[in-house]
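Residue-level structural notes
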Amino acid sequence: MTAPLASRLSPHRALRAGRFILSLSRPLIMGVVNITPDSFSDGGKFLDRRAATEHARRLVEEGADILDIGGESSRPGAQPVALEAERSRVLPVLENIVGLGVPVSVDTCKPELMREAVSAGASMINDILGLRAAGALQAAAAGDAAVCIMHMQGEPRTMQVLPTYGDVVLEIREFLLERAHAAQAAGIAPQRIVIDPGFGFGKSTEHNLMLIRNLDALAAQGYPVLAGLSRKSLFGKIVGRAVAERMPASVAAAILAVQRGAAIVRVHDVGATRDALLVMRAVESGSVETGEEL
Ligand code: HH2
């Protein structure tokens, strides 16, 4: 049996993200906008500023609670992107979407871009390096944005070569707690911190499955947990489908992650994930929260 909804909720019942206070009384959906030529699932589709802006608008209409924009792919084997290129992809789109009414998160490891993005209105910094780059903790602490601290073993170019752990859940929990404490020591209030095991970042399929199964061990640490499973390669292995056909598998995984305590799911398919989460919550609570009868 899955734990009842109330007991799964983070003790930090709200996330402070810039000018937003996001209630965590229901799972939040973070919609992905990759402004890159090479992202694994949507590379090249939204490189154009207008296309990225339109896509972001569509995701908000479909029910995104947060938008996550990124200008550097982190797919296995990806090559690093220079600051200037990343900045010129991210900042113009940020400017276009910062007024859409939902917090905008910027997926970057670069302290300079963190500072510039927050000055331009970003409400969250999503760092797959867990604020480990020199100056990243200070850059994140300088503003009032939320931070997502993610675990990665190795670096994107080589991380999937032979990921190795003793106890994957324990090691990732220790890493995330160490980074969350470092963030707090740098002046980031705990109400601004989100942790993320980093599915697919230096993890085998078995590691990813073990982490989904034990997500409650991370959620029990008190920080909201973000789960980014959308379209990832473990679904290629499980259901034998290409990236473009992994939506149903990804939606199933989002539900399983939320049932094990994830507070935020980072997804490409916002509308489908929203519907599935509404059904899950209606069944659990026995009542309907939203929607119109058609
Ligand atoms: N996954 C990706 C990128 N950023 N950030 C967090 N916090 N958690 C994740 O799991 C995560 C992330 C990879 O997915 P995507 O952005 O679709 O691809 P790419 O890195 O190729 O742009």
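The coordinates are above.
To start, this report covers the structure provided alongside it.

Analysis parameters
Residues numbered from 1 in each chain as written. Predicted model: local features only at pLDDT ≥ 70, side-chain atom pairs only at ≥ 80, totals over all residues. Heavy atoms only, no water. Salt bridge = Lys/Arg side-chain N within 4 Å of Asp/Glu carboxyl O. Helix = DSSP H or I, 4+ residues; strand = E, 2+ residues; numbered from the N terminus. Buried < 20%, exposed > 50% of the residue type's maximum accessible area, 1.4 Å probe, protein only. Expected span 1.5 Å × (residues − 1). Near = heavy atom within 4 Å. Polar contact = N/O pair within 3.5 Å; in protein donor to acceptor, adjacent residues only side chain to side chain. Areas by Shrake-Rupley, 256 points an atom, 1.4 Å probe, with all protein chains shown as cover. 1 Å grid on protein atoms, 1.4 Å probe; cavity = no way out; pocket = protein on both sides within 12 Å on 5 of 7 lines; lining within 4 Å. Sits in = over half its atoms within 2 Å of the grid points. Nonpolar A, V, L, I, M, F, W, Y, C, P; charged D, E, K, R; others polar. Disulfide = S-S within 2.5 Å. Core = buried A, V, L, I, M, F, W, Y, C linked by side-chain atoms within 4.5 Å. Contact = heavy atoms within 4.5 Å. Patch = residues over 30% accessible without salt bridge, like charges linked within 9 Å, V, L, I, M, F, W, Y side chains within 5 Å. Points joined across faces, edges and corners; volume = space filled by probe spheres on them.

Some details on the pattern of salt bridges
Throughout the structure, instances matching the rule amount to 14 salt bridges. Residue R57 is joined to E54 by a salt bridge in which the shortest nitrogen-to-oxygen separation is 2.9 Å. Taken together, the residues R57 and E54, both in helix α2 (residues 49-62) and three residues apart, mark about one turn of the helix. The class for E54 is partly exposed, based on a relative accessible area of 41%. R274 is the salt-bridge partner of D275, the closest N and O atoms lying 2.9 Å from each other. Note on D275: relative accessible area 44%, which makes it partly exposed.

Regarding helix α3 (residues 83-97)
With 15 residues, α3 extends 21 Å between its outermost C-alpha atoms, agreeing within 8% with the 21 Å of an ideal straight helix rising 1.5 Å per residue. Looking only at α3, the buried set comprises E86, R89, V90, P92, V93, L94 and I97.

Quick notes on the site of the ligand
The ligand sits among 18 residues. The nearest are S39, S73, S74, D196 and K232. Between an oxygen atom of the ligand and a side-chain N or O atom of S74, the distance comes to 2.6 Å. When the ligand sits alone it has 480 Å² of accessible area, and the protein chains cover 98% of it. Applying the majority rule of atoms within 2 Å of the grid points places the ligand in the largest pocket. When its residues are assigned to classes, the shell around the ligand shows six nonpolar, seven polar and five charged.

Regarding the state of the cysteines
Going through the model one piece at a time under the given rule, you end up with zero disulfides. With no disulfide partner, C109 has as its closest neighbouring cysteine sulfur the one in C148, 11 Å distant. Residue classification places C109 among the buried positions, given a relative accessible area of 15%.

What about the nonpolar core?
Ranked by size, the top nonpolar core spans 41 residues in total, and within it L131, V147, I188, I193, L215 and L229 carry the most contacts. Contact partners of L131, with chain neighbours within four places excluded, come to M114, A136, L137, A140, V147, I149, R179, A183 and I188. A56, V90, V258 and V267 belong to the second-largest nonpolar core, a separate cluster that totals 31 residues.

Points about unusual backbone geometry
Backbone geometry at L131 places phi at a positive 60°, although glycine is not the residue there. In this structure, L131 sits in the loop between β6 (124-127) and α5 (136-142). Overall, the relative accessible area of 2% leaves L131 in the buried class. With a phi angle near 65°, R231 is a residue other than glycine that sits in the positive phi range.

Quick word on a nonpolar patch on the surface
Together, L209, I238 and V239 line one region of the surface with nonpolar side chains, adding up to about 230 Å² of accessible area. Checked against the element boundaries, V239 lands in helix α9 (residues 233-239). The exposure class assigned to V239 is partly exposed, which follows from its relative accessible area of 42%.

So, the layout of surface pockets
Its volume calculated, the largest pocket comes out at about 440 Å³. Secondary-structure elements contributing two or more residues to the lining of the largest pocket are β3 (28-34) and β7 (146-150). Along the lines of polarity and charge, the residues of the lining of the largest pocket split into 10 nonpolar, 12 polar and seven charged. Empty space within the second largest pocket amounts to approximately 250 Å³. Surrounding the second largest pocket, 16 residues form its lining, E72, P80, C109, I128 and P156 being those nearest its centre. Residues that form the lining of the second largest pocket fall into these classes: seven nonpolar, four polar and five charged.

Take it as geometry only, folks, not as evidence of what the structure does.
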